Amino acid sequence: MRLWTIHPCYLDPQGLTAAWREALLAQKVLTDTTKGYRAHPQLVRFRLHPQPLAAIGVFLFALAEEAERRGYKFETKKILEKEPVEQIEETEGQLFYEWAHLRAKLHKRAPDLHRQFHSIVIPQSHPLFRIVPGKIREWEKSRSIRID
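Residues numbered from 1 in each chain as written. Predicted model: local features only at pLDDT ≥ 70, side-chain atom pairs only at ≥ 80, totals over all residues. Heavy atoms only, no water.

**Notes on the overall build of the protein**
Move 1: Along the backbone of the protein there are 5 helices and 2 strands.
Move 2: The N-to-C order of helical and strand elements in the protein reads α-α-α-β-α-α-β.
Move 3: Here the C-alpha atoms of the protein give a radius of gyration of 15 Å, agreeing with the 15 Å that 2.2 N^0.38 yields for 148 residues.
Move 4: Once the C-alpha set of the protein is aligned to its principal axes, its extents read approximately 40 × 35 × 25 Å. (Helix = DSSP H or I, 4+ residues; strand = E, 2+ residues; numbered from the N terminus. Rg over C-alpha atoms; globule rule 2.2 N^0.38 Å.)

Here is the structure:
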């Protein structure tokens, strides 16, 4: 499961669709309606939010907006809570780690997008997150990422 800190505009079609499915699964975990993924580290920041279900709703809604911008239709009726919430603080280190991770994926499966984003050093974050100084989060399964 990857609940991206980066803005959905950078995701390729496969990544956008996967993010939608994974965020819907996260919503199920937060409502205790599934048995899997309960201890997934990506859920930590949502569980710590005072309104976790509304926070995942904001996350999902931004994905749906990006999908609509591209001419896709995600079923927003699946979003259980749609009210605005306080942003979640996320670190620069986490944002940059995820940017490198996504660029490595794009290098393999969407080389045109990889080239298009090559000059972007600081990506825009998902609107749910407010970026603050800091390192990669301790819950991240950190590993070396190589980008050609």
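**Things to note about the side chain of arginine 2**
Move 1: If you trace the backbone, arginine 2 turns up in the segment before helix 1 (13–30).
Move 2: Judged by relative accessible area, which is 11%, arginine 2 ranks as buried.
Move 3: A polar atom in the side chain of arginine 2 sits 2.9 Å from the side chain of glutamate 140. (Buried < 20%, exposed > 50% of the residue type's maximum accessible area, 1.4 Å probe, protein only. Polar contact = N/O pair within 3.5 Å; in protein donor to acceptor, adjacent residues only side chain to side chain.)

**Description of the packing of helix 1 against helix 3 (residues 52–69)**
Move 1: Where helix 1 meets helix 3, the axes come as close as 10 Å, and the angle between the chain directions of the two elements is 160 degrees. The angle between helix 1 and helix 3 places the two elements in the roughly antiparallel class. The interaxial crossing formed by helix 1 with helix 3 has left-handed handedness. Every residue of helix 3 that contacts helix 1 at Leu16, Ala19, Trp20, Ala23, Leu24, Ala26, Gln27 and Leu30 is listed here: Pro52, Leu53, Ile56, Phe59, Leu60, Leu63, Ala64, Glu66 and Ala67. (Axes fitted to C-alpha atoms, helices over the stretch in contact; angles between N-to-C directions. Parallel < 35°, antiparallel > 145°, perpendicular 65-115°, else oblique. Left-handed = near helix turned anticlockwise from the far one by under 90°. Contact = heavy atoms within 4.5 Å.)

**Quick word on the nonpolar core**
Move 1: One finds Leu3, Phe46, Ile56 and Phe59 to be the most contacted residues of the largest nonpolar core, which totals 36 residues.
Move 2: Every element with two or more residues in this core is listed here: helix 1, helix 3 and helix 4 (92–109).
Move 3: Apart from residues no more than four positions distant in its own chain, isoleucine 56 is found in contact with Leu3, Ala23, Ala26, Gln27, Leu30 and Phe46. (Core = buried A, V, L, I, M, F, W, Y, C linked by side-chain atoms within 4.5 Å.)

**Some details on the pattern of salt bridges**
Move 1: Within this structure, the stated rule accounts for 11 salt bridges.
Move 2: Taking the shortest distance from any N to any O, the salt bridge between lysine 77 and glutamate 75 comes out at 3.6 Å.
Move 3: Between glutamate 89 and arginine 130 there is a salt bridge, and its shortest N-O distance comes to 2.9 Å. Of this pair, glutamate 89 sits in strand 1 (residues 88–91) while arginine 130 sits in strand 2 (residues 129–132); the two residues are 41 residues apart in sequence, bridging distant segments of the chain.
Move 4: For arginine 130, a relative accessible area of 33% translates into the label partly exposed.
Move 5: Taken together, the shared-partner salt bridges in this structure form one network comprising Arg2, Arg45, Glu90, Glu98, Arg137 and Glu140. (Salt bridge = Lys/Arg side-chain N within 4 Å of Asp/Glu carboxyl O.)

**With respect to the packing of aromatic side chains**
Move 1: This model, assessed by the stated rule, comprises 7 aromatic pairs.
Move 2: Their ring planes at 70 degrees and their centres at 6.4 Å tell us that phenylalanine 59 and phenylalanine 129 sit as a pair that is edge-to-face. Separated by 70 residues along the polypeptide, phenylalanine 59 in helix 3 and phenylalanine 129 in strand 2 bring together distant segments of the chain. In this structure, phenylalanine 59 and phenylalanine 129 share a single accessibility class: buried.
Move 3: Linked through ring pairs, Tyr10, Trp99 and Phe117 together constitute an aromatic cluster. (Phe/Tyr/Trp six-rings, centres within 6.5 Å; stacked < 30°, edge-to-face > 60°.)

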